[in-house]
Amino acid sequence: MSIKVAIHHQTTYRFDREITLLPHILRLKPAPHCLMPISSYSLKVIPQNHVLHWQLVALANYRA
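Residues numbered from 1 in each chain as written. Predicted model: local features only at pLDDT ≥ 70, side-chain atom pairs only at ≥ 80, totals over all residues. Heavy atoms only, no water.

## Quick look at the overall build of the chain
Thought 1: The number of helices and strands found in the chain is 0 helices and 2 strands.
Thought 2: Its C-alpha atoms give the chain a radius of gyration of 15 Å, more than 25% over the compact-globule value 11 Å for 64 residues.
Thought 3: C-alpha extents for the chain along the principal axes are approximately 50 × 25 × 20 Å.
Thought 4: Here the chain holds 64 residues, and 3% of them are scored as buried.
Thought 5: Residue pairs in contact within the chain that sit at least 24 positions apart in sequence constitute 49% of those at least 6 positions apart. (Helix = DSSP H or I, 4+ residues; strand = E, 2+ residues; numbered from the N terminus. Rg over C-alpha atoms; globule rule 2.2 N^0.38 Å. Buried < 20%, exposed > 50% of the residue type's maximum accessible area, 1.4 Å probe, protein only. Contact = heavy atoms within 4.5 Å.)

Structure below.
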């Protein structure tokens, strides 16, 4: 038996003046050692003029 899940997450910022955002850390990718096989995974970031760095961190988890 398999479980199919789709997650859509949206973060929106609104400020009353111009600000500078520092890099954000996202932990939204399944761990490579999870007990359920991952049939597919994707991450889409908008706007597309960004830089995305993947890191393998403690306990073999990914962060972007």
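Having seen the structure, we can now continue with the description.
## Thoughts on the pattern of salt bridges
Thought 1: In the structure shown here, the tally under the stated rule is 1 salt bridge.
Thought 2: Asp-16 is the salt-bridge partner of Arg-17, the closest N and O atoms lying 2.4 Å from each other. (Salt bridge = Lys/Arg side-chain N within 4 Å of Asp/Glu carboxyl O.)

## Considerations on the packing of aromatic side chains
Thought 1: For the coordinates displayed, the defined rule picks out 2 aromatic pairs.
Thought 2: Taking the centre distance of 6.1 Å and the plane angle of 10° together, the rings of Tyr-13 and Phe-15 count as stacked.
Thought 3: According to the relative accessible area criterion, Phe-15 is partly exposed, its value standing at 48%.
Thought 4: Between the aromatic rings of Trp-54 and Tyr-62, the centroid separation amounts to 6.4 Å while the plane-to-plane angle is 90°, which identifies the pairing as edge-to-face.
Thought 5: Owing to a relative accessible area of 26%, Tyr-62 belongs among the partly exposed residues under this scheme. (Phe/Tyr/Trp six-rings, centres within 6.5 Å; stacked < 30°, edge-to-face > 60°.)

## Details of the layout of surface pockets
Thought 1: Here the largest pocket is characterised by a volume of approximately 1,800 Å³.
Thought 2: Around the largest pocket, the lining comprises 40 residues; the ones closest to its centre are Leu-26, Leu-28, Tyr-41, Leu-43 and Lys-44.
Thought 3: A breakdown of the residues in the lining of the largest pocket according to their chemical character gives 24 nonpolar, 13 polar and 3 charged. (1 Å grid on protein atoms, 1.4 Å probe; cavity = no way out; pocket = protein on both sides within 12 Å on 5 of 7 lines; lining within 4 Å. Points joined across faces, edges and corners; volume = space filled by probe spheres on them. Nonpolar A, V, L, I, M, F, W, Y, C, P; charged D, E, K, R; others polar.)

## Considering a nonpolar patch on the surface
Thought 1: A surface patch of nonpolar side chains, amounting to about 510 Å² of accessible area, comprises Leu-26, Leu-28, Ile-38, Tyr-41, Leu-52 and Trp-54.
Thought 2: Considering the arrangement of structural elements, one finds Tyr-41 in the segment before β1 (55-57). (Patch = residues over 30% accessible without salt bridge, like charges linked within 9 Å, V, L, I, M, F, W, Y side chains within 5 Å. Areas by Shrake-Rupley, 256 points an atom, 1.4 Å probe, with all protein chains shown as cover.)

## Let's talk about the environment of Met-36
Thought 1: In this fold, Met-36 is placed in the segment before β1.
Thought 2: Along the backbone, Met-36 and Gln-48 are 12 residues apart, and their C-alpha atoms lie at a distance of 31 Å.

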